[in-house]
Amino acid sequence: MFFSTTSIALFVAILTQGVMAAPNGLVAITVAESTTPTITPTPQYTDATVHITPYTALTTGNGAVTKAVASNDIVLVIRTVTTVSNDINLALTKVTAQVTLADLTKIAAAAVQGFTQIVADIGKAVTMLPGTPVISGGVADTVVEVLVGFVKVHQALLNTVIGKHSIFAQFALTAPLAAVLRLIETGVDTFAFIIIGIIPTKKAIIQKEISGLDTTVKSSISVYSQICLPSLNFPKVMPTCIKLGL
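Residues numbered from 1 in each chain as written. Predicted model: local features only at pLDDT ≥ 70, side-chain atom pairs only at ≥ 80, totals over all residues. Heavy atoms only, no water.

## Quick look at the overall build of the chain
Argument step 1. Within the chain one finds seven helices and nine strands.
Argument step 2. Considering the chain as a whole, with its 246 residues, one finds that 43% of them fall into the buried category.
Argument step 3. If you take every contact in the chain between residues at least 6 apart in sequence, the share linking residues at least 24 apart comes to 73%.
Argument step 4. Surface exposure of the chain reaches about 12000 Å², of which carbon and sulfur atoms provide 62%. (Helix = DSSP H or I, 4+ residues; strand = E, 2+ residues; numbered from the N terminus. Buried < 20%, exposed > 50% of the residue type's maximum accessible area, 1.4 Å probe, protein only. Contact = heavy atoms within 4.5 Å. Areas by Shrake-Rupley, 256 points an atom, 1.4 Å probe, with all protein chains shown as cover.)

## Quick look at the packing of aromatic side chains
Argument step 1. Counted according to the given criterion, the structure contains one aromatic pair.
Argument step 2. Taken together, a centroid distance of 5.7 Å and an interplanar angle of 85° make the contact between Phe-171 and Phe-234 edge-to-face. Within this pair, whereas Phe-171 is found in the loop between helix 5 (165-170) and helix 6 (175-198), its partner Phe-234 is found in the loop between strand 8 (227-229) and strand 9 (240-242), the two being separated by 63 residues in sequence.
Argument step 3. For Phe-234, a relative accessible area of 17% corresponds to the buried category. (Phe/Tyr/Trp six-rings, centres within 6.5 Å; stacked < 30°, edge-to-face > 60°.)

## Quick word on the state of the cysteines
Argument step 1. Inspection of the entire model under this criterion finds one disulfide.
Argument step 2. The disulfide partner of Cys-228 is Cys-241, and the gap between their sulfur atoms is 2.1 Å. Judged by the sign of its S-S torsion, about 110°, the cystine formed by Cys-228 and Cys-241 is right-handed. Highlighted residues: Cys-228 in strand 8 and Cys-241 in strand 9, separated in sequence by 13 residues.
Argument step 3. When its relative accessible area of 25% is taken as the criterion, Cys-241 is described as partly exposed. (Disulfide = S-S within 2.5 Å.)

## Quick notes on the pattern of salt bridges
Argument step 1. Scanning the entire structure with this criterion turns up two salt bridges.
Argument step 2. Lys-202 serves as the salt-bridge partner of Asp-141, at 2.7 Å between the closest nitrogen and oxygen. Linking Asp-141 in helix 4 (residues 137-163) with Lys-202 in the loop between helix 6 and helix 7 (203-224), this pair joins segments that are 61 residues apart in sequence.
Argument step 3. You can call Asp-141 partly exposed: its relative accessible area is 41%.
Argument step 4. Put simply, Lys-218 and Glu-185 hold a salt bridge, and the shortest N to O gap is 2.6 Å. (Salt bridge = Lys/Arg side-chain N within 4 Å of Asp/Glu carboxyl O.)

## Focus: unusual backbone geometry
Argument step 1. Cis peptide bonds are those with omega within 30 degrees of zero, and the linkage from Phe-234 to Pro-235 qualifies with 5°.
Argument step 2. Mapped onto the fold, Pro-235 is located in the loop between strand 8 and strand 9.
Argument step 3. Its identity is not glycine, yet Ala-172 carries a phi of approximately 55°, on the positive side.
Argument step 4. Mapped onto the fold, Ala-172 is located in the loop between helix 5 and helix 6.

## Here we look at a nonpolar patch on the surface
Argument step 1. On the surface, Ile-227, Ile-242 and Leu-244 cluster together to form a nonpolar patch covering roughly 300 Å² of accessible area.
Argument step 2. Tracing the backbone through its elements, the reader meets Ile-227 in strand 8. (Patch = residues over 30% accessible without salt bridge, like charges linked within 9 Å, V, L, I, M, F, W, Y side chains within 5 Å.)

## Focus: helix 3 (residues 101-128)
Think of an α-helix as 3.6 residues a turn; residues three or four steps apart then line up on the same face.
Argument step 1. Between its terminal C-alpha atoms helix 3 stretches 41 Å, which fits the 40 Å expected from 28 residues at 1.5 Å a residue.
Argument step 2. Of the positions making up helix 3, those classed as buried are Leu-104, Ala-108, Ala-111, Val-112, Gly-114, Phe-115, Ile-118, Asp-121, Ile-122, Ala-125, Val-126 and Met-128. (Expected span 1.5 Å × (residues − 1).)

## Points about the packing of helix 4 against helix 7
Argument step 1. At a minimum axis distance of 10 Å, the contact between helix 4 and helix 7 shows a crossing angle of 15°. The orientation of helix 4 with respect to helix 7, classified from their angle, is roughly parallel. For the element pair helix 4 and helix 7, the recorded crossing hand is left-handed. Within the contact between the two elements, helix 4 uses Val-144, Leu-147, Val-148, Phe-150, Val-151, His-154, Gln-155, Leu-158, Asn-159, Val-161 and Ile-162 and helix 7 uses Ile-205, Ile-206, Glu-209, Ile-210, Gly-212, Leu-213, Thr-216, Val-217, Ser-219, Ser-220, Val-223 and Tyr-224.
Argument step 2. Considering only residue class, the contact of helix 4 with helix 7 consists of 15 nonpolar, seven polar and one charged. (Axes fitted to C-alpha atoms, helices over the stretch in contact; angles between N-to-C directions. Parallel < 35°, antiparallel > 145°, perpendicular 65-115°, else oblique. Left-handed = near helix turned anticlockwise from the far one by under 90°. Nonpolar A, V, L, I, M, F, W, Y, C, P; charged D, E, K, R; others polar.)

## Here we look at the environment of Val-151
Argument step 1. Mapped onto the secondary structure, Val-151 falls in helix 4.
Argument step 2. Classification of Val-151 as buried rests on a relative accessible area of 1%.
Argument step 3. Between the alpha carbons of Val-151 and Gly-212 there is a distance of 8.3 Å; along the sequence they are 61 residues apart.
Argument step 4. Those residues in contact with Val-151 that sit more than four places away from it in its chain are Glu-209, Ile-210 and Leu-213.

Now the structure itself:
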């Protein structure tokens, strides 16, 4: 499993700070012990795909901000990226060898945008998770349940992506997909690492699920990193591709 050195270093650094209780059962991390923190209500965060319930930002005199996330927010983030994964999969399953270059280009761009949204949503969650108290019992079971659901849906998506490779390769549209798949690998691994810290009692099952997902992600990256020569008889004959051993 690959973890972002920067993300892990940031995560460890934040965990070494002091912890202060915040309203509504949330926990926030103090940024600097030398300043007096004040609790500042933060409005609900929203964007095109993620709607996270209100959290409390802990600010200090120098303007530094830390955030806390409740367990339902973790569940919501996972369900959100699961929905995006499913949407991408539904779009890609309709791609056939008879697709026009114009349409395929649009589909590839939409897929990259969807994957990029997943990376962004996971990234936002990673920045918010430090400070979340350890979760156990039924709440932990719920988080693991939705995580397992995400893995299942995302693996189905990646298998579809792998299956459509020859079509994208014929029109030299694989590079952007390969690049965003690498970001997915790093983001999911980092997210899982932090989740394990929040739900240590479920470490074994989380590692098992993410390990299986990692295998599929690596396979998709390997396939999309191939060098391919377009076929003059496409779609009767698919492009010729050479693996680079990455």
